[in-house]
Amino acid sequence: MLLRNAVLAAMAGGQPYGLIQNAAIVVEQGQISWAGPEADLPSEHNGVGEDLGGRLVTPGLIDCHTHIVFGGNRATEFEMRLNGASYEEVARAGGGIVSTVTATRDISEDDLLVDALTRVDAMLAEGVSVIEVKSGYGLDRDTELKMLRVARAIGRARSVRVMTSFLGAHAVPSELKGRADEYIDSIAIPTLEAAHAEGLVDAVDGFCEGIAFDIAQIRRVFDKARELGLPIKLHAEQLSNIGGTRLAAAYGALSADHVEYADEDDAKALAASGSVAVLLPGAFYTLHETQLPPIEAFRAHGVPMALATDCNPGSSPLSSLLLVMNMGCTLFRLTPEEALAGVTVHAARALGLSDCGVIAPGKRADLAVWNVSNPAELAYRIGFNPLERRIFGGT
């Protein structure tokens, strides 16, 4: 495959966006074999190729934090809250995570996949090539394994790469309310071992927060992950600062996610560990949060910042990574270049992937071709999808 007369946002090199005007890309056997100014195209590749008419080409987008596999939805409680119901009233009516856990436990594996694919298809239509998928709405052995099997099935049903995260330490199920330590030791850790034995886990995640699990409880999960040779991630400092980000950094985490309440010491810790700060503006927006993540501290200390949808039925019912880019700019004051890096090169790093996220020889030919010529347009527009085509593994 030879693509020519393109504007290339390679997301690598010294130029902003790694931008190359009048560019060409050569794809062979699913990989990029050459990319650069068309005037420098090696003679052996100087065929007719396809004229892209000056369209923008970026790496395929990467959604590095989703809860896209779940049963039911929470539209009713969304309406209840807008009609004045309190959090307690919603919970008494069976709302909140309990309702999603119940629905996810009750739905069949086949139907869970069908539901998930509707969200996946929306993402693919916006140029996404990699999706991270978490468990965490089962909170029992059978349902957590079911969610992870469905996540793996997504990658077989669609032309997309799926990375899985075991999130057994997401919440305490209602049947063990007030017994978080018992849940960690008797359910979460044994289920992690079972999921790993089935080859269902690429990374281990947790929710370190006052309403979820404390440092000591998450540490036990991470110790098991380390024993199994699995990388870790963490939902940290979303609602308060209890030390989750520094815990994640101490374990050399791939990423710390949310991090609205992180501080400069957290930024220093992430910089030292090489961990990515994953920003999730959809949850910030939905929860009417006002505490902004410490963007300037992340910049000052060189912490890579990724962006993701956090697609889930409660706090971020969002499946548009293009909208996330706009939100990252408008809500968090990222630049459009930072936003595009956040859904390409830094998102790949947040998943421990080194073969995608940039356009360079030897990388996977996961590309998005857009009906624009200026990469800032991808973050600038709202509710507009300029994707012309998606190329996945050279196809």
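So, how was this worked out
- Residues numbered from 1 in each chain as written.
- Predicted model: local features only at pLDDT ≥ 70, side-chain atom pairs only at ≥ 80, totals over all residues.
- Heavy atoms only, no water.
- Helix = DSSP H or I, 4+ residues; strand = E, 2+ residues; numbered from the N terminus.
- Buried < 20%, exposed > 50% of the residue type's maximum accessible area, 1.4 Å probe, protein only.
- Polar contact = N/O pair within 3.5 Å; in protein donor to acceptor, adjacent residues only side chain to side chain.
- Contact = heavy atoms within 4.5 Å.
- UniProt positions renumbered as here; feature names shortened; annotations may be inferred.
- Domains from an automatic or database assignment.
- Buried area = accessible area lost by both parts, 1.4 Å probe.
- Salt bridge = Lys/Arg side-chain N within 4 Å of Asp/Glu carboxyl O.
- Patch = residues over 30% accessible without salt bridge, like charges linked within 9 Å, V, L, I, M, F, W, Y side chains within 5 Å.
- Areas by Shrake-Rupley, 256 points an atom, 1.4 Å probe, with all protein chains shown as cover.
- 1 Å grid on protein atoms, 1.4 Å probe; cavity = no way out; pocket = protein on both sides within 12 Å on 5 of 7 lines; lining within 4 Å.
- Phe/Tyr/Trp six-rings, centres within 6.5 Å; stacked < 30°, edge-to-face > 60°.
- Lys NZ or Arg CZ within 6 Å of the ring centre and 35° of its normal.
- Core = buried A, V, L, I, M, F, W, Y, C linked by side-chain atoms within 4.5 Å.

Our next topic: the side chain of Thr309. Summarising the element assignment, Thr309 is placed in the loop between strand E13 (305-307) and helix H12 (321-330). Residue class for Thr309 comes out buried when judged on its relative accessible area of 0%. Within the local environment of Thr309, its side chain forms a polar contact with the backbone nitrogen of Cys311, the two atoms lying 3.1 Å apart. Ignoring any residue separated from it by four or fewer positions in sequence, one finds Thr309 in contact with Asp63, His65, Thr66, Met123, Ser316, Leu318, Ser319, Ser320, Leu321 and Val324.

Bringing the UniProt feature "binding site: Fe(3+)" (unreviewed entry) in the chain into the picture now. The sites that UniProt annotates as "binding site: Fe(3+)" (unreviewed entry) are His65, His67, His235 and Asp310. Judged by maximum C-alpha separation, these annotated positions cover 246 residues in sequence but sit close together in space, the widest gap being only 12.2 Å. Turning to its location among the elements, His65 is positioned in the loop between strand E6 (61-63) and helix H1 (75-82). What His65 contacts, discounting residues up to four positions off in sequence, is Glu132, Lys134, His235, Asp257, His258, Val278, Leu280, Ala308, Thr309, Asp310 and Cys311. Side-chain polar atoms of His65 contact the side chain of His67, separated by 3.2 Å. Structurally, His67 is set in the loop between E6 and H1. Apart from residues lying up to four places away in sequence, His67 is in contact with Lys134, Tyr137, Leu167, His170, His235, Asp310, Cys311 and Asn312. Among the polar contacts made by the side chain of His67, one reaches the side chain of Asp310 at a distance of 3.2 Å.

Let us look at the domain arrangement of the chain. Domain annotation of the chain identifies domain 1 (2-60 + 357-391) and domain 2 (61-351). On a C-alpha basis, the centres of domain 1 and domain 2 stand 30 Å from each other. Listed by partner, the interface residues are 26 residues for domain 1 and 24 residues for domain 2. Both sides together, the interface formed by domain 1 and domain 2 hides about 1800 Å², and carbon and sulfur atoms give 64% of it. Summed over the three residues of domain 1 that lose the most area to domain 2, namely Met11, Ala379 and Arg390, the buried surface amounts to 31% of that side. Taken together, the links from domain 1 to domain 2 amount to zero salt bridges.

Quick look at a nonpolar patch on the surface now. A contiguous nonpolar patch, built from Ile211, Leu239 and Leu287 and spanning about 280 Å² of accessible area, is present on the exposed surface. Tracing the backbone through its elements, the reader meets Leu239 in the loop between strand E10 (233-236) and helix H8 (244-250).

Tracing the backbone shows Asn326 in helix H12. Discounting residues that sit within four places of it in the chain, Asn326 has contacts with Ala379, Tyr380, Arg381 and Ile382.

Attention now moves to the UniProt feature "binding site: 4-imidazolone-5-propanoate" (unreviewed entry) in the chain. According to UniProt, the positions carrying the feature "binding site: 4-imidazolone-5-propanoate" (unreviewed entry) are Arg74, Tyr137, His170, Gln238 and Ser315. Annotated residues from the preceding list that form part of the lining of the second largest pocket: these are Arg74. Secondary-structure assignment places Arg74 in the loop between E6 and H1. By relative accessible area, Arg74 is classed as buried at 13%. Once residues within four sequence positions are removed from consideration, Arg74 is found in contact with Gly96, Ile97, Ser99, Thr100, Pro313 and Gly314. Here Tyr137 lies in the loop between strand E7 (128-134) and helix H5 (141-157).

What follows deals with the packing of aromatic side chains. Evaluation of the coordinates by the stated rule reveals four aromatic pairs. Residues Phe284 and Phe332 carry aromatic rings whose centres are separated by 5.1 Å and whose planes lie at 80 degrees to one another, so their mutual orientation is edge-to-face. One end of the pair, Phe284, is in helix H10 (residues 281-286); the other, Phe332, is in the loop between H12 and helix H13 (336-342), and 48 residues separate them in sequence. Each of the two residues, Phe284 as well as Phe332, counts as buried. A cation over a ring is seen here: Arg364 above Phe392, with NZ or CZ 4.9 Å from the ring centre. In this arrangement the basic side chain of Arg381 is found over the ring face of Phe384, its NZ or CZ atom lying 4.2 Å from the centre.

The next subject is the nonpolar core. Among the nonpolar cores identified, the biggest contains 66 residues, and Val69, Ile154, Leu279, Phe298, Leu340 and Trp370 are the most heavily contacted of them. Broken down by element, this core gets its largest block of residues, seven residues, from helix H4 (residues 109-124). No fewer than three residues from each of domain 1 (2-60 + 357-391) and domain 2 (61-351) sit in this core. In this view, Trp370 contacts Arg55, Leu56, Thr58, Leu61, Glu126, Leu322, Leu378, Asn385, Pro386, Leu387 and Glu388; residues no more than four positions away in its chain are not counted. One finds Leu139, Phe166, Tyr183 and Ala212 within the second-largest nonpolar core, a separate group that totals 36 residues.

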